[in-house]
Amino acid sequence: MPLKLRELEVLRTIMETGSVTNAAQSLHVTQPAISKTLQQIEDQLGFDCFVRQQGQLVPTPEARALLPEILKALAAVDAMERFAANMRTLQSGRLSVAAVPSIIHTLLPRAVRRFLKERRDVEVSLLSTTNTEVIRLVADNQVDLGFILTPTDDSHTLSRDIYSSELICVVLMKHRLAGAKTARPHDLRNERLIVLAPDRPVGSLTRRAFEDSEVPLSIAVQVTQSTAALELVRAGVGVAILDGFAMDDLEATGLVALPFRPVMHITARLIWPRHHPLSLLAEAFLAEVDATLKPREMSF
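Residues numbered from 1 in each chain as written. Predicted model: local features only at pLDDT ≥ 70, side-chain atom pairs only at ≥ 80, totals over all residues. Heavy atoms only, no water.

### As for the packing of helix α6 (residues 108-116) against helix α10 (residues 280-293)
The condition that has to hold: Only the stretch in contact is used when fitting a helix axis, every axis being a line fitted to C-alpha atoms; angles between N-to-C directions are given from 0 to 180 degrees. Each helix is a run of H or I in the DSSP string that is no shorter than four residues. Each strand is a run of E no shorter than two, and both are numbered from the N terminus. Orientation is classified from the angle alone, with under 35 degrees giving roughly parallel, over 145 giving roughly antiparallel, 65 to 115 giving roughly perpendicular, and any other angle giving oblique. In this scheme the handedness of a crossing depends on how the near helix is turned from the far one: anticlockwise by less than a right angle means left-handed, clockwise means right-handed. Contact criterion: two residues are considered in contact whenever any of their non-hydrogen atoms come within 4.5 Å of each other. Put simply, Ala, Val, Leu, Ile, Met, Phe, Trp, Tyr, Cys and Pro go in the nonpolar bin, Asp, Glu, Lys and Arg in the charged bin, and everything else, Gly too, in the polar bin.
Contact geometry of α6 with α10 gives a least axis separation of 8 Å together with a crossing angle of 125°. As the angle between them shows, α6 and α10 are arranged oblique. The two elements α6 and α10 meet at a crossing, and its hand is right-handed. Judged by residue contacts, Leu108, Arg110, Ala111, Val112, Arg114 and Phe115 of α6 engage Leu281, Ala284, Phe285, Glu288, Val289, Ala291 and Thr292 from α10. Across the contact of α6 with α10, the residue classes break down as nine nonpolar, one polar and three charged.

### Here we look at unusual backbone geometry
For residues that are not glycine, phi is negative in most cases, and the peptide bond is trans in most cases. The omega torsion of the bond from Arg261 to Pro262 falls at 10°, within 30 degrees of zero and hence cis. With respect to the helices and strands, Pro262 occurs in the loop between β10 (255-259) and β11 (265-273). Phi angles above zero are rare outside glycine, and His28 is one such case at about 60°. Summarising the element assignment, His28 is placed in the loop between α2 (20-27) and α3 (31-45). At Glu214, a position not held by glycine, the phi torsion is positive, near 55°.

### Overview of the packing of helix α1 (residues 5-17) against α2
Taken N-terminus to C-terminus, the directions of α1 and α2 make an angle of 125°; their axes are 8 Å apart at the nearest point. Considering the angle they form, α1 stands oblique to α2. Considering how the two elements wind past one another, α1 and α2 form a crossing that is right-handed. Facing α1, whose interface residues are Arg6, Glu9, Val10, Thr13, Ile14 and Thr17, α2 presents Asn22, Ala23, Ser26 and Leu27. Split by residue class, the contact of α1 with α2 holds four nonpolar, four polar and two charged.

Dropping the structure here:
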């Protein structure tokens, strides 16, 4: 039978103090209790741990050889207890998040900054990928949390909507539409359009809007990330139709966002594994996400 943690502590303390009496005082127990525990230890080990010399208990060679292993075992337990305490107080650990690019670049940075402000020993892993891949990673428990754009549903995850926006049309400040109140497919008939790929929710909604308006969609550039679309607009390639999450600080970069009509709603959705509870760190991060989103407008 392996020695228990308490027995290891008793053995170490007797070695350090040199007597059963001193060990009892140090551990705040009675001398008979220490004597009984020492007898149990020696019975389990099959050899004596101490010999008495001039009124002191002196470790046998076997006990001295065992001491480094005792110290390592106790140190490992102490480290585990400290680590558990840090996790309980959310001061250490690792949080993994997968999200679509538009959320990675707009909604999450502020939340991560707030989350890590008082958690210097916490590591956050952010993976930027597609809606489909985010769902797969969450369903397979490869990440703690996922952030996607609707419309998307999956039976292997749970979800809640966290932020809603409308599609926007992004143009240069000097563009002819910069002062318009809205941008409709008919207004964009002769423009070189920068659109997201059809497998992206925004790309799918854009194509549907043009089809419903019976206006040909003249694509100049097809991209997979809104950040690339914004850089193309800034370079004068054309105008882009994006989700409203891309609106932050556009004017400071020489761009203007117009409400796209007809109204096409897009929603940021949080997902997590259906059959695994959220960790304390994940719950704390979501609180920061919610706090970050509170002051934001939900639409135009």
